[in-house]
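The lines below spell out each chain.
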Amino acid sequence: MHRPHLLAPAVAVTLVASLAACSPTDSASDGAAEETTGTASEDGTLVIYSGRNENLVEPILEQLEDAVGVDVDVRYASSSELAAQLLEEGDASDADVFFSQDAGALGALAKADMLAELDETVTALVPESYRDADGRWVATSARARVLAYDPEQVPEIEEITAIDQILEPEYEGKIGYAPSNASFHAFVTALRIERGEDEARQWLEDFKAQDPQAYDNNIAVLDAVDGGQVALGLINHYYWFQKVAELGEDEVDARIHFLDNDDPGALVNVAGAGVLASTDMPEAAADAVAFLLSDDAQQYFADETAEYPVVQGITSATFDLQPLAELDSHQIDLNDLDSLDETLALLDEVGLT
């Protein structure tokens, strides 16, 4: 399996700008996977554009190559960069499958009519809120926004049920976040969708007034909470589980806290995949997406990356994950997370970029 990285930094910047301008296991999952994987009859190499980190997904994509039965070429970059690349390439793209870190990038391609409709036997494996209504993409795993916290500094954590409560004066200068991270952008987009532009702007202005501490990524935010540099951090849940798996829970001081289900600070976002409408290997591409929903792949996400499996009946044997069904009582249309340009403009206007 070939694994070249796709974009040089200068090209990536151009393409991000382009994207902004474009606006126990059940038998059903076993059957669908068996019917739709390993059956490809096309010759050639299946090209996957992966916005998922190579360190996280390379092992499962190696299994995918064996399951589909064709050579696979994986090209890695950020999801927004790859979506922009695909929008630039159009029907001339040699990509067959887009494997995205977030739903927004998939939504952008779906709205541009660049994704083919998936077979219902595949999309039906996933709850309706985690797939495109027209069947053009499907979630492969899920992650929840949480508050990382230092128990010594925030003993009242159970009283915090909404993202608005971190705007209280006692948390001034004590909040960590990653302003350039896609998961923070997705949260702000969800805030815009839920509350409208004016209320979202007000929340961000109030947040800025809290003098939040900026870090390069979620890992650095969690490390800052764990080291006591900040009291609270805005991250995704799986970073904490991975840190605990690496060091042991006794060696990690930070803990995580889930906000109420109906709060935008508790956004459940997904990684997902779709087949390019322009593919010349439709069978192999469809098999690849189906494999990502197979029991083997779902168990990998649950056990190796600490993400939530999206197929019913799969639970983690490694991590004590709260059931996904308990987190999704309130869910926006994940396609709407594609309005990244408006989110970035708002963040720039407020001064949080």
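Okay, so let's go over this structure. Note that residues are indexed from 1 along each chain, following the sequence as it is written. Residue-level local features of this predicted model are given only where pLDDT is at least 70; pairs of side-chain atoms are given and counted only at 80 or more, and the full residue set underlies all totals for whole chains, interfaces and linings. The side-chain figures draw on all heavy atoms in the structure; neither hydrogens nor water molecules are used.

## A few points about the packing of helix H3 (residues 54-68) against helix H10 (residues 282-291)
Across the interface, H3 lies against H10 with an axial gap of 10 Å and an inter-helix angle of 130°. On the basis of their axis angle, the class for H3 and H10 is oblique. Here the hand of the crossing between H3 and H10 comes out right-handed. Packed against H3, whose contacting residues are Ile60, Gln63, Leu64, Ala67 and Val68, the element H10 presents Ala284, Asp287, Ala288 and Phe291 at the interface. Under this grouping Gly is polar, as are all residues other than the nonpolar Ala, Val, Leu, Ile, Met, Phe, Trp, Tyr, Cys and Pro and the charged Asp, Glu, Lys and Arg. By residue class, the composition of the contact of H3 with H10 is seven nonpolar, one polar and one charged. Lines fitted to C-alpha atoms define the axes here, with helix axes fitted over just the stretch in contact, and angles between the N-to-C directions of these axes take values from 0 to 180 degrees. Numbering goes from the N terminus for both helices and strands, where a helix is a DSSP run of H or I of at least four residues and a strand is a run of E of at least two. Any angle between 65 and 115 degrees counts as roughly perpendicular, while under 35 counts as roughly parallel, over 145 as roughly antiparallel, and the rest as oblique. Here is the rule for handedness: rotate from the far helix to the near one, and if that takes an anticlockwise turn smaller than a right angle the crossing is left-handed, while a clockwise turn gives right-handed. Between two residues, a contact is recorded if the distance between any of their heavy atoms is within 4.5 Å.

## Overview of unusual backbone geometry
In this model, Asp113 sits at a positive phi of 60°, which is unusual for a non-glycine residue. Following the sequence through the fold, Asp113 ends up in the loop between helix H5 (103-111) and helix H6 (120-123). With a phi angle near 60°, Ala306 is a residue other than glycine that sits in the positive phi range. With respect to the secondary-structure elements, Ala306 resides in the loop between helix H11 (295-304) and helix H12 (340-350).

## As for the pairing of strand E1 (residues 45-50)
Each residue's exposure class comes from its accessible area (1.4 Å probe, protein chains only) as a fraction of the maximum for that residue type: buried when under 20%, exposed when over 50%, partly exposed otherwise. Within E1, five of the six residues are buried, leaving the element largely enclosed by the surrounding structure. Strand pairing requires that DSSP identify at least two bridges connecting the strands. In this sheet, strand E2 (residues 71-76) lies alongside E1 in parallel orientation, the contact comprising six bridges. Across the sheet, Ile48 pairs through a bridge with Val74, a residue of E2. With the strands pointing away from the viewer, any crossover whose connection runs clockwise from the first strand over the helix to the second is right-handed. The handedness of the E1 to E2 crossover, carried by H3, is right-handed. Pairing of E1 with strand E3 (residues 97-100) involves three bridges; the strand directions are parallel. Paired with Tyr49 across the two strands is Phe98, which belongs to E3.

## Some remarks on a negative patch on the surface
Patches here: salt-bridge-free residues with over 30% relative accessible area, like charges joined within 9 Å, nonpolar side chains (Val, Leu, Ile, Met, Phe, Trp, Tyr) joined within 5 Å. Note on areas: these come from Shrake-Rupley sampling with a 1.4 Å probe, and a residue is covered only by the protein chains present in the view. Any Lys or Arg side-chain nitrogen located within 4 Å of an Asp or Glu carboxyl oxygen qualifies as a salt bridge. Think of it this way: Lys and Arg go in the positive column, Asp and Glu in the negative one, and His and the chain ends go nowhere. To locate a charge, take atom NZ for lysine, CZ for arginine, CG for aspartate or CD for glutamate. A contiguous patch of negative charge, built from Glu152, Asp250, Glu251 and Asp253, is present on the exposed surface. Structurally, Glu152 can be placed in the loop between strand E4 (138-149) and strand E5 (175-177).

## Thoughts on the pattern of salt bridges
For the coordinates displayed, the defined rule picks out 14 salt bridges. Salt-bridge contacts for Asp336 lead to Lys111; the nearest nitrogen and oxygen are separated by 3.7 Å. Here the residue Asp336 occupies a position in the loop between H11 and H12, and Lys111 occupies one in helix H5, the gap between them amounting to 225 residues. For the salt bridge of Lys111 with Asp338, the shortest nitrogen-to-oxygen distance reads 3.3 Å. You can see Lys111 sitting in helix H5 and its partner Asp338 sitting in the loop between H11 and H12, a full 227 residues away along the chain. Connected through salt bridges with shared partners, the residues Arg52, Arg143 and Glu307 form a single ionic network.

## Some thoughts on the nonpolar core
Grouped together as the largest cluster of nonpolar side chains are 87 residues, with contacts concentrated most on Leu46, Leu61, Leu64 and Phe98. As used here, the term nonpolar core means buried Ala, Val, Leu, Ile, Met, Phe, Trp, Tyr and Cys residues forming a set that is joined through side-chain atoms within 4.5 Å. Counting residues in each nonpolar core, the second largest holds 27 residues, with Ile157, Leu191, Trp203 and Val350 among its members.

## Focus on the packing of H3 against H11
The contact between H3 and H11 brings their axes to 11 Å, and the two run at 165°. Of the possible angle classes, the one that applies to H3 and H11 is roughly antiparallel. The two elements H3 and H11 cross, and the hand of that crossing is right-handed. Only Asp296, Ala297, Tyr300 and Phe301 of H11 make contact with H3, whose side of the interface consists of Leu56, Val57, Pro59, Ile60 and Gln63. Its residues assigned to classes, the contact of H3 with H11 comprises seven nonpolar, one polar and one charged.

## Thoughts on the side chain of Arg52
Note that Arg52 resides in the loop between E1 and H3. Classification of Arg52 by relative accessible area gives buried; the value is 3%. At a separation of 3.0 Å, a polar atom in the side chain of Arg52 contacts the side chain of Glu307. Each residue touching Arg52, except ones within four places of it in the same chain, is listed here: Val57, Tyr76, Phe99, Ser100, Gln101, Ser141, Arg143, Ala271, Phe301 and Glu307. Pairing of N or O atoms within 3.5 Å defines a polar contact, subject to two protein rules: one partner must be a possible hydrogen donor and the other a possible acceptor, and residues neighboring in sequence count only if both atoms are side-chain atoms.

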